[in-house]
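Notes for the structure review
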Amino acid sequence: MDAKIFVSRLNHQLVNLSTDSDPWFKKQVQEALRYLLLLEESLKDDVGLASGGPLQLEAVYSAEDVTDTLLALDEILEIKRRDNNVFKKFLWRQSSSSWQIQLICEMKKLANQIKALSSDNHLHLINKKEAAETTTLEIDDAIPRNILLLLGLRISDEPLAWQRISSYCFEQEINLVGLEEQINKLVSLLILEHNHNSQVIAIVGEAGSGKTTLTRSVYDRVDVKRHFAKRAWVRVRSEAKVRDVLIDILQQINDEMLVEASSPEEELASSLATLVKETSYLIVVEDVETQQVWQVLRNSLYYSSSKSRDGKIILTTSDENNIPLEAKAAGSTLHVRRLNEEESWKLLLKRALLPRAAESDGLFNNSELVTFKERILKKCGGLPIRIVLLGGLLSATKGRNFQKWSSVIERADVDKSDGWVSGLLALSYQELPSKLKPFFFYMWFFPRAFEIPVRRLICLWCTEPFVAPIDTDLAETYFEELVIRNLIHVTKWRLDGTPKMCRLPTVLYDVFSPEAAKAGFFHHQLESSSAEEQQPQFAVRRLATYLGVSTNFIPSEWSWSWHLRSYVAFDTRIQGSPAIEIYVFLDKMITAKSKRGGFVLLTVLDLEGVYKLKLSDDVIGKLLNLRYLGLRSTFIDSLPKSVGILPRLETLDVKHTKLRFLPDSIWKAKKLQHLYLNWIHSPIDGLSLSSLNNLQTLWGLSIESYTPFRQSDSTKWPRLIKLGVKCDSQMAIEFIINLLVCARTDGLVEIEYGEARVTTLQELYLRGSIHSFFDYGIEWNYPNLKILTLSMSRLVYDPMPLLEELAHLNILRLYRGAYLGEETTCSSGGFPQLRVLKLWNLFSLEEWTVEKGAMPRLRELEIRSCNNLKPPQPQGLQNLTNTLKEFVLTNMPSTFGEAVESILQGTNVHIQKNQWRSFL
C-alpha cells in the first residue's frame, strides 16, 4: 500500500492552510511542510511502507483530521460572517483557533517520529524517479493545462472523451484470441437441434483464463439473441441469497414485472417457470464459488428449464468440483485452456498497441519486437490475465518505444514473490502514476465482483478528497487510463461506445484488497465476523456496510468511526424492511464526535439502492463537511430541509425516488454542482438561480409557471453540461430557452434567438413546445452536445437538417410530439458521430428517407409506435447495415416488421420486436 498518497494529500491541505493571515500559524505550517517533505521522500516507491510505516501513517491520519477540520471551518466561518449573531461568530472563531493549536501539536508529534526514525537508521531515502510519472496520458482538451502540470502529466494528442477506449466496444474481437474453438462449440450446444437435451452447460477454467470473455461473446451474438426470446445474466457471490438472485433473473426477463418483497423462494421459482413456459430462454450464472450455491439454485432454475420449450443455463466456475451433474452426464462441459505461443503473442500485441495497429503495420513480424517474444511468452505462460496485464503495462510506453518495453519485461517476473504481491500484479501497481493510485484503490471499496455504474464511480472520484480536486473530464481520463492498463474491466458498454458498468478483476481484488484495508484506506463490514473482530488497525476513512448481510451493523466501539470521510451502504435486500440502521449509525457517530468537541468530517454519504432509509434534520444538518449525498433508487418520499443549507454540498442525487418536491433551501446551495432529480415539480418563482453559478448538472426538473419570466436569471449557468427539464407551459419553455440561447425579447410573444449561450452543454433533455425556436432557422451551435432528447416540441419543419450538423452528437431521441410533420430526411454526410437514434410516438410521420452516407456510425435504431410510418426504402436501410447492430421495433404494425426483416435478411443486424404498453 502506497503511503505516499496519504502524505501527499496532507501536504496539499497544509499548503492551503499556509496562506493563513496569522503570521505565527503560517510559520508553524511552513515548518511542518518541511518535515512532511522528508517523510514523503522516506516512503518506498514500490510496495508497502518503510520501517515504522504504521506509526507514521497513524500520525499522518491524525494531522489530516485536523487540517480537514480547519479547512471546513474556514468555509463555515465565511458563511457565518454574514450571520448577524455576534455570539455565534465568536464561538466559531474560538473553535478555529483551538484547532490551529491542535494541528501544531499533531505535526510536532509527527516531526518527532520522523527524527527518531532517522536517528535509528530506519529512514529509507529512495532517489529513483518513479517511471510512471512520465507516463503520457491522452486527455480531453477540456482539461486545463495548469492542472496537468500540477499532476506531473505530459500532454499528448487530445481526443474526445471516451475515444481512447471506445474501440474496445466496437472492436469486440480484441479479447477473443484463442477462443474460437470454444465459441463455436458453445454456440452449437446452445442453438443446434441435436443438443436440445443439454440444458445445463458448465464452463470451467482457472482464474483469469477467459471464461467470462468467452461466455459474454456468445451471449451477445446476433444468432443467439435471435434464438432466445428471454435472456438473463447474474453473478452469484458466496454470500448472495437465492431469492435475490431469482428476483434479479425475473426482472431481467421481464423488466415490467413487479415483484413483491415478501414473496417466498418457492413462489419466485414458480413465477420464473411460468414466465419462461412455452418460450426459449438463456440464463448465465457467473462465477459460482461453492457447490452449495448451485445446489440451492439448481431446483429453481432446472425446474424452469424443464418447463421451457428451449431453456439453457450456462454456469461458469473455476473449480472442477462445482460442475453440475447434469452437465457431466450430457457431456456439456467446456474447459477453457491456456493460449498457445502464437495466440499469446497475438493477444499481447493487440492489448499493448491499438487494436488495429498491430496487424495493419505488420508489427507481428517486426524484428525488434520478435526479440522480446520468447521472454514474454515465458513470463505469461499462456494465461490471458497475465497477457493483458503485461499488454497494459507496455501500452503505457507510448510511441512504440521498444527499448522501454525491454525494461518493463525484465521487471515483470511472475515467479518472483515479494510479500503481499508478486510479478505482474506488483509491477502493474508500481508503474501507475502516483496521482492515479488512489483512484485504483477506490475500486476495492466496492464488493468483490460488484458491477459498478461508471456514472456513480466518476461522481465519487470527483468528490473524494484524494489529493487535489478533479473535474469530470479528468476523472474520465483516469478511468480510461486504468482500462487501457487492464486494471479495470468494462463489463457493459452502451452502443454509442461509452462505458456503462465496470468492475475490478477478481484476481486483482483478492491480492490488493486486504493490504488496502490494513492501511485504513477502507473498511468492509461483513457477516463473517463480529464487530469486535472487525476492528481495523487505523481509524478508517471509508466504510462500506452490507445491509441484510451484516449481523453486527452497529459497532460497540466508536473511536475508529470518528474519522470517516466516506460511507457507502450496499443493500442486498430486495425491497425489504426500511433501513433504519443507517440513521442509528450516523446519529451515534455524530453524538460521539460532539462529545469530543468536534464535528463529523464525512464527505461522501452514498446510500444508492438502500430501501426506504430514514433521514432527519437532526442528522443531516450536522454533516457540515458533506459534499456528496447519493440517495438514488432509495424510494424515499421526503428530504430533510437541512440538505439545502449544507455549506459544502456539491452533489445531490435523488433520481428514481418518490420525491415530488424539494426544500426551497436547495436553490440557495452556492456550491451545488450536480443535481439529479426525479421529475420534481417547481414553479419558476421557486427557482433562485442567482445562487447556482457552479451548476454543471440539472436533471429531472419539471417547471411550472406562476409568475412572469425574469430576465435577470438568464445568464446564471455558464458551466452547465447536462440539462434535463420538462416544461408545463409556454412561459416555462421560454424561461429555459433564454437560459440556453442569447435572446432579445419584446414582451413575451416575439422572441428573436441568437447564438448559444451555454456552449459547454453536452446533454440536453427538453420537453415542451419549441417550434418557434426552430422556425427562425438558426444554427444549433452547441459544439459539445453529445446527447439530445426532445419531447412534445411540436416542431412543424423537419428538424434533421439542423440537428445533423451537430458534429459530436452520439445519441438522438425524438419522443412523442417532438415532430408533427409527415416527412423527414437524413442527408448524406449528416450525423457523422451518431450511434443511437430513437423515434417514438411520432404519429404524423409517414416517410423517412435515409440517403447514402448518412449516419455512417449508427449502431442502434429504435422505432416505437410510429403507426403511420411506411416501411423504409430497401436501399436506405441497407445503407446502415455496415455498422447497425440493433434494430428495435416496439408496438409497430406487423407489416412494417415483416418489411424490415425482408430487407435486412442475411445481415448481421439483430431485429427485436416488442409489444409493450406505451409510455410518454
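Just so you know, these numbers come straight off a predicted model, no measurement behind them. (Residues numbered from 1 in each chain as written. Predicted model: local features only at pLDDT ≥ 70, side-chain atom pairs only at ≥ 80, totals over all residues. Heavy atoms only, no water.)

Let us look at the overall build of the chain. A tally of helices and strands in the chain yields 30 helices and 32 strands. Looking at the 920 residues of the chain, the share that counts as buried comes to 57%. In the chain, the share of contacts with a sequence separation of at least 24, taken over all contacts with a separation of at least 6, comes to 65%. Of the roughly 38200 Å² that the chain leaves accessible, carbon and sulfur atoms contribute 49%. (Helix = DSSP H or I, 4+ residues; strand = E, 2+ residues; numbered from the N terminus. Buried < 20%, exposed > 50% of the residue type's maximum accessible area, 1.4 Å probe, protein only. Contact = heavy atoms within 4.5 Å. Areas by Shrake-Rupley, 256 points an atom, 1.4 Å probe, with all protein chains shown as cover.)

Attention now goes to helix α23 (residues 506-518). For α23, which comprises 13 residues, the first-to-last C-alpha distance of 19 Å matches the rise-based estimate of 18 Å (1.5 Å per residue) to within 8%. Considering bend angle alone, the principal kink of α23 is centred on F512 and spans about 35°; proline P514 follows within four residues of it. Among all positions of α23, only L508, Y509, F512, S513, E515 and A516 are buried. (Expected span 1.5 Å × (residues − 1). Bend = angle between axes of the 7 residues up to and from the residue.)

Residues spaced three or four apart along an α-helix face the same direction, because each turn holds 3.6 residues. Those residues of helix α30 (residues 894-903) lying buried are F896, G897, V900 and I903. The buried residues of α30 occupy an angular sector of 130° when projected down its axis, which confines them to one face. The outward face of α30, more than 90 degrees from its buried face, is lined by the exposed residues S894, T895 and S902. Elements that come into contact with the buried residues of α30 comprise β30 (860-864), α29 (874-878), β31 (886-890) and β32 (910-914). (Arc of directions from axis to C-beta.)

To continue, consider the sheet that holds strand β10 (residues 452-453). Sheet architecture is open: three strands sit in the order β10-β12-β11, paired in antiparallel fashion. Both outer strands of the open sheet, β10 and β11 (489-493), are each paired with one neighbouring strand and no more. Judged from the two bridges that link them, β10 and strand β12 (residues 499-503) form a sheet pairing that is antiparallel. Bridge pairing links I452 to C502 in β12. (Pairing = 2+ DSSP bridges.)

Packing of helix α14 (residues 341-352) against helix α17 (residues 384-395) brings their axes to within 7 Å, and their N-to-C directions diverge by 35°. Between α14 and α17 the crossing geometry is right-handed. Contacts between α14 and α17 pair S344, L347, L348, R351 and A352 from the former with P384, I387, V388, L390, G391, L394 and S395 from the latter. Of the residues that constitute the contact of α14 with α17, the class distribution is eight nonpolar, three polar and one charged. (Axes fitted to C-alpha atoms, helices over the stretch in contact; angles between N-to-C directions. Left-handed = near helix turned anticlockwise from the far one by under 90°. Nonpolar A, V, L, I, M, F, W, Y, C, P; charged D, E, K, R; others polar.)

Summed over the entire model, instances satisfying the criterion amount to 24 salt bridges. Here E608 makes a salt bridge to R456, at a shortest N to O gap of 3.7 Å. Here E608, found in the loop between β16 (604-606) and α25 (617-620), pairs with R456, found in helix α21 (residues 454-463); they are 152 residues apart in sequence, far enough to count as distant. Look at R456 and you get buried, because its relative accessible area is 3%. (Salt bridge = Lys/Arg side-chain N within 4 Å of Asp/Glu carboxyl O.)

Moving on: unusual backbone geometry. With glycine set apart, most residues show a phi of negative sign, and most peptide bonds adopt trans. With a phi close to 60°, D287 is a non-glycine residue in the positive phi region. Within the secondary structure, D287 sits in the loop between β5 (280-286) and α12 (291-307). Non-glycine residue W679 carries a positive phi angle of around 55°. Looking at where W679 falls in the secondary structure, it is placed in strand β19 (residues 674-683).

This part is about the sheet that holds strand β4 (residues 230-235). Read from one edge of the open sheet, five strands run β4-β5-β6-β3-β7, paired in parallel fashion. With partners counted over all chains shown, the strands left at the sheet margins are β4 and β7 (333-335), one partner each. For this sheet, the mean angle separating the axes of adjacent strands, direction not counted, is 15°. Both β5 and strand β6 (residues 310-317) contribute to a ladder of six bridges, which runs parallel. By the bridge assignment, V285 is partnered in β6 with L315. Where helix α7 (residues 180-191) meets the sheet, it contacts β3 (200-204), β5, β6 and β7, and its direction lies at approximately 170° from that of β7. Helix-sheet contacts for helix α10 (residues 242-253) involve β4 and β5, and the interaxial angle to β4 is about 145°.

Once that is clear, we can look at the pairing of β11. Note: β11 against β12, four bridges, orientation antiparallel. Within β12, the residue paired with W493 across the bridge is P499. In textbook terms, the turn of a hairpin is the stretch between consecutive antiparallel strands, and for β11 and β12 this stretch comprises five residues, one of which, G497, has a positive phi near 90°.

Within the element layout of this structure, N254 appears in the loop between α10 and α11 (265-276). For N254, a relative accessible area of 25% corresponds to the partly exposed category.

Burial analysis of strand β20 (residues 697-704) places eight of its eight residues in the buried class, which makes it a mostly covered element. The pairing of β20 with strand β21 (residues 722-727) spans six bridges and is classified as parallel. Its bridge partner being in β21, T697 is matched across the sheet by K722.

For the rest of this paragraph, the subject is the side chain of S280. Here S280 is to be found in strand β5. A polar side-chain atom of S280 sits 2.9 Å from the main-chain carbonyl oxygen of H227. (Polar contact = N/O pair within 3.5 Å; in protein donor to acceptor, adjacent residues only side chain to side chain.)

Let's shift gears to the packing of aromatic side chains. Summed over the entire model, instances satisfying the criterion amount to 18 aromatic pairs. Their ring planes at 70° and their centres at 6.1 Å tell us that W699 and Y765 sit as a pair that is edge-to-face. Of this pair, W699 sits in strand β20 while Y765 sits in strand β24 (residues 763-767), placing them 66 residues apart in sequence. If you follow R632 out to its NZ or CZ, it ends over the ring of Y676, 5.5 Å from the centre. The aromatic ring of W840 is capped on one face by R864, whose charged end is 3.8 Å from the ring centroid. (Phe/Tyr/Trp six-rings, centres within 6.5 Å; stacked < 30°, edge-to-face > 60°. Lys NZ or Arg CZ within 6 Å of the ring centre and 35° of its normal.)

The next subject is the environment of V600. For V600, the location among the structural elements is in the loop between α24 (581-595) and β16. The sequence separation of V600 and L623 amounts to 23 residues, and the corresponding C-alpha distance is 6.1 Å. The residues touching V600, leaving out its near neighbours within four places in the chain, are M589, I590, K593, L623 and N625.

By the element assignment, W848 lies in strand β29 (residues 847-850). Sequence separation between W848 and C826 is 22 residues, and the spatial gap between their C-alpha atoms is 8.0 Å.

So, about the confidence of the model for the chain. For the chain, per-residue confidence averages 75 on the pLDDT scale, and residues scoring 70 or more make up 65% of the total. Every residue in residues 117-159 scores below 50 in pLDDT, and together they form 88 contacts with partners more than four places removed in sequence or on other chains. Here residues 549-554 is modelled with pLDDT under 50, and outside its nearest four sequence neighbours on either side it reaches 21 contacts, counting other chains as well. (pLDDT = per-residue confidence, 0-100.)

Membership of the largest hydrophobic core comes to 102 residues, with the highest contact counts inside it found for L605, L723, I736, L812, M855, I863 and F887. Residue contributions to this core peak at seven residues, all from helix α26 (residues 730-740). Discounting residues that sit within four places of it in the chain, I863 has contacts with L839, W848, L869, F887, V888, L889, T890, M892 and F896. Counting 81 residues, the second largest nonpolar core, distinct from the first, contains F372, L377, A475 and V604. (Core = buried A, V, L, I, M, F, W, Y, C linked by side-chain atoms within 4.5 Å.)

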